Amino acid sequence: MTMTRLAALGAAALLLAPVAAHAHVTMEVQQAAAGSTYKAVLRVPHGCAGAATLKVRVQIPEGFIAVKPMPKAGWTLDIVKGKYEGNYDLHGSKIAEGAKELSWTGNLPDDYYDEFVFRGTLTKAFAAGSTVYFPVVQECEGGTAERWIEIPANGKSADDYEAPAPGVKIIAPVK
Amino acid sequence: MLRFVTKLALVIIGCTVLAGPCLAHATLVGSEPTEGSITATPPGKMRLSFNEPVTLLALKLFTPDGRGAEITATTEGSDLVAELPAAGDGTYALSWRVASADGHPIGGTTTFSIGHASQRSAAINPSRSPAVACLIWLARVGIYIGWIGGIGGAFFLTVIARQRPLLADRTILALIVVGAAASVVSLGLQGLDELGSGLAGLAGSASWTAGLQSRYGGTLGLGGAALVVAVCSLYSPKRLMAAGLATAALLMVAVALTLSGHTGTAAPAYVARPALALHGIAAALWGGSLLPLLIIVATRQDNAGRVALRLSALLLPTVAVLALSGITLAFVQGVGTATFIGTDYGRLLASKLLLILVMLGLGALNRRILVPEAATGSSLQLRNLGRVLAMDVCLLLAVLAVVAGWRFTPPPRSIAAAEAALHHRQMLHIHTDRGMAMIQPVDQGGLDIRLTSAQGRALVAQDVQVSVANPAAGLEPMQRPATRVADGHWRVHGLTFPVSGTWTLKIEVLISDFDSLLLEGALTVP
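Residues numbered from 1 in each chain as written. Chains lettered and ligands numbered in written order. Predicted model: local features only at pLDDT ≥ 70, side-chain atom pairs only at ≥ 80, totals over all residues.

**As for the overall build of chain B**
Here's step 1: Scanning chain B from terminus to terminus reveals 13 helices and 18 strands.
Here's step 2: Every one of the 526 residues in chain B was classed for burial, and the buried ones make up 38%.
Here's step 3: Taking all contacts inside chain B whose residues are at least 6 apart in sequence as the whole, residues at least 24 apart take part in 69%. (Helix = DSSP H or I, 4+ residues; strand = E, 2+ residues; numbered from the N terminus. Buried ≥ 20, exposed ≤ 12 C-beta atoms within 10 Å, placed from the backbone. Contact = placed C-beta atoms within 7 Å.)

**Quick look at unusual backbone geometry**
Here's step 1: For the bond running from Glu32(B) to Pro33(B), omega is 0 degrees, close enough to zero to count as cis.
Here's step 2: By secondary structure assignment, the location of Pro33(B) is in the loop between strand S1 (28–32) and strand S2 (38–39).
Here's step 3: Unusually for a residue other than glycine, Ala66(A) sits at a positive phi of about 50 degrees.
Here's step 4: Along the chain, Ala66(A) turns up in strand S5 (residues 64–69).

**Side note on the pairing of strand S11 (residues 145–148) of chain A**
Residues and elements named next belong to chain A.
Here's step 1: Bridge count for strand S10 (residues 136–140) against S11 is four bridges, and the pairing is antiparallel. Residue pairing in the sheet places Glu139 in a bridge with Ala145 of S11.
Here's step 2: The hairpin turn running from S10 into S11, its antiparallel successor, is four residues long, and Gly142 in that turn takes a positive phi close to 80 degrees. (Pairing = 2+ DSSP bridges.)

**A word on the confidence of the model for chain A**
Caution is warranted with low-pLDDT regions, since their predicted coordinates should not be read in detail.
Here's step 1: Residues of chain A with pLDDT of at least 70 account for 86%, and the chain-wide mean is 87.
Here's step 2: A low-confidence stretch, residues 10–21 of chain A (pLDDT under 50), is modelled with nine contacts involving residues beyond four sequence positions or located in other chains. (pLDDT = per-residue confidence, 0-100.)

**Considerations on the nonpolar core**
Residues and elements named next belong to chain B.
Here's step 1: Formed by 80 residues in total, the largest nonpolar core has its most connected members in Ile151, Ala230, Ala249, Val253 and Ala284.
Here's step 2: Every element with two or more residues in this core is listed here: helix H2 (130–161), helix H3 (166–195), helix H5 (215–235), helix H6 (239–258), helix H8 (269–298), helix H9 (304–332), helix H11 (344–375) and helix H12 (379–404).
Here's step 3: Counting residues per element, this core draws most heavily on H8, at 16 residues.
Here's step 4: By size, the runner-up hydrophobic cluster in this structure holds 40 residues, among which are Ala26, Leu28, Met478 and Trp490. (Core = buried A, V, L, I, M, F, W, Y, C linked by C-beta atoms within 7 Å.)

**Comments concerning H11(B)**
Because an α-helix packs 3.6 residues into every turn, residues spaced three or four apart end up facing the same way.
Residues and elements named next belong to chain B.
Here's step 1: The end-to-end C-alpha distance of H11 is 43 Å, a good match for the 46 Å that 32 residues give at a rise of 1.5 Å each.
Here's step 2: Along H11, the largest kink reaches about 45 degrees and is centred on Asn366.
Here's step 3: Taken residue by residue, H11 has Tyr345, Gly346, Leu349, Leu355, Ile356, Met359, Gly363, Asn366, Leu370, Val371 and Ala374 as its buried positions.
Here's step 4: Backbone geometry just downstream of H11 places Gly377 in the positive-phi region, at approximately 100 degrees. (Expected span 1.5 Å × (residues − 1). Bend = angle between axes of the 7 residues up to and from the residue.)

**Re the pairing of strand S7 (residues 79–83) of chain B**
All names here are of chain B.
Here's step 1: Of the strand pairs in this sheet, strand S3 (residues 45–50) and S7 are connected by five bridges, and their pairing is antiparallel. Paired with Lys45 across the two strands is Glu83, which belongs to S7.
Here's step 2: Pairing of strand S6 (residues 73–76) with S7 involves four bridges; the strand directions are antiparallel. Note on S7: the bridge partner recorded for Ala73 is Ala82.

The following block contains the structure:
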């Protein structure tokens, strides 16, 4: 096998995973440590079957606390706050409520790509090896919607689904 | 090594540039004819419109007979235009598989109908060949000719007419022979039908054995014995013995009728069976008298007028019994206003009633005008009576032909029962740890879906989408939205299954904006 062919194979292998995920709404960074601060960059590659995206809604999973969205020019931000199911400790203070849902309202034509950013803390409630999912609803022109909300059942992966929710794999906490 | 890394980097950059912008999967945005539409004439071609240019991978057209064939299509911008072969009425399914610009393959099935929608629905009867069906029907008509015409005729000749020409005896004997021959053939055909074999199966012993062992075998045996007794009555020298034998034959036929068939098995049996027996006796009395009376009248027998008068007196109560028992039978068979026109059984009943009404009209004409005048010796009215009787005989033959058709039509009550049983067998349960779905095929190509939560309560959902596919037959998924009937109860309309077999079924339940439940199972389409 020549070096060139080997290089091509390696490139193909490297590119294959991102290409398959290109059409889905995904997180830029797909793994993080429990107990760390996580900057979520939500990548929105397209609208709903050609229609422009007017709203992006993200459901904040239980255990992802102290969430703040990053303001975005041209987009109106909304934060739905509520009580968490559990109590969490953040730098010595108890936290029992916060953002449960974030939404950006604006206009993203189907021809364009955009990213939506928010930050929060992944508590140590997440076990290493598990995946935390951020279900996303993309609302578009004409009342259509794309729902990236499928959470893989046991023994299945996101690849088995048409519209999987963006996920972040938890790795062991940083000591 | 440095060269390798450089090359790797270059190839990566090259691939990335070539891959270009992040691409979405293509989506079907419309079709012409539109999904589920019914066109009056064959559309000639079908246009599938996508939101972006696509590459065709596979295109298969399924015709109403369930056969699939590869067809070709041309690309027009982001549309695919498929040439459809000229074809007959029914529902067509076009299964397509295309590659999006990002290389991701997507597939789907779009259906449309020409003239009317045809539905591959649950089959209640196993299929039988037209030749076998035709023979079964003919044999059944032959048996009725023997029972009604032969035994009823023997009763008329020996009990009512007494004095009769030899021609009448011979005619009745011929009818009995027809009945006996038809009984024998019918036995083999019954076995053939039960075994589901073709006409060639008559040569083997299996179908005859099966016929003998069937319930219908008992009916044919007793009916055959009745035919023999009727022959004996015709040849009996003593009048009283002849009358006794003919009456016995009539009663035997009445009992034979109740031994099998869907009326003999209807509930409650203590109503259905006597009603059927009385109906048979009355039919034989009335129907059996027509041909021999015609012969007596046509051959200008001396006693023609008197015989006609005697029969006329007997027929009024006979017709009353016929009508009452008939209404009772229709009732136990579950015939209602809806099933009268809506089922084959009801349509046959309607045809029979129409024919009987005409016969009753002719009977009234006979009774009021022709018979009394013929009895006084009017030869003109005797000739008219003969004409009316000839018409009656033809109508009777038509009635028997219609009644024999019931062999193929389950009565409304058993259609309902069969459908219930079939539905139960076809009911599909899908269990997950979060909820359960019960899916049942319903009429006019739909699915009835009941969703329950893990706690056993009705699962409240925002939206339900159903997708069915038959990968084995090469049919890409057909997606249909379900409409909400009540909490946890959804229904899909107009879902045609172009081919039979095992279909994969996916139900996507949107519980809340961010929460969905996917239920997967397999559905059998007979």
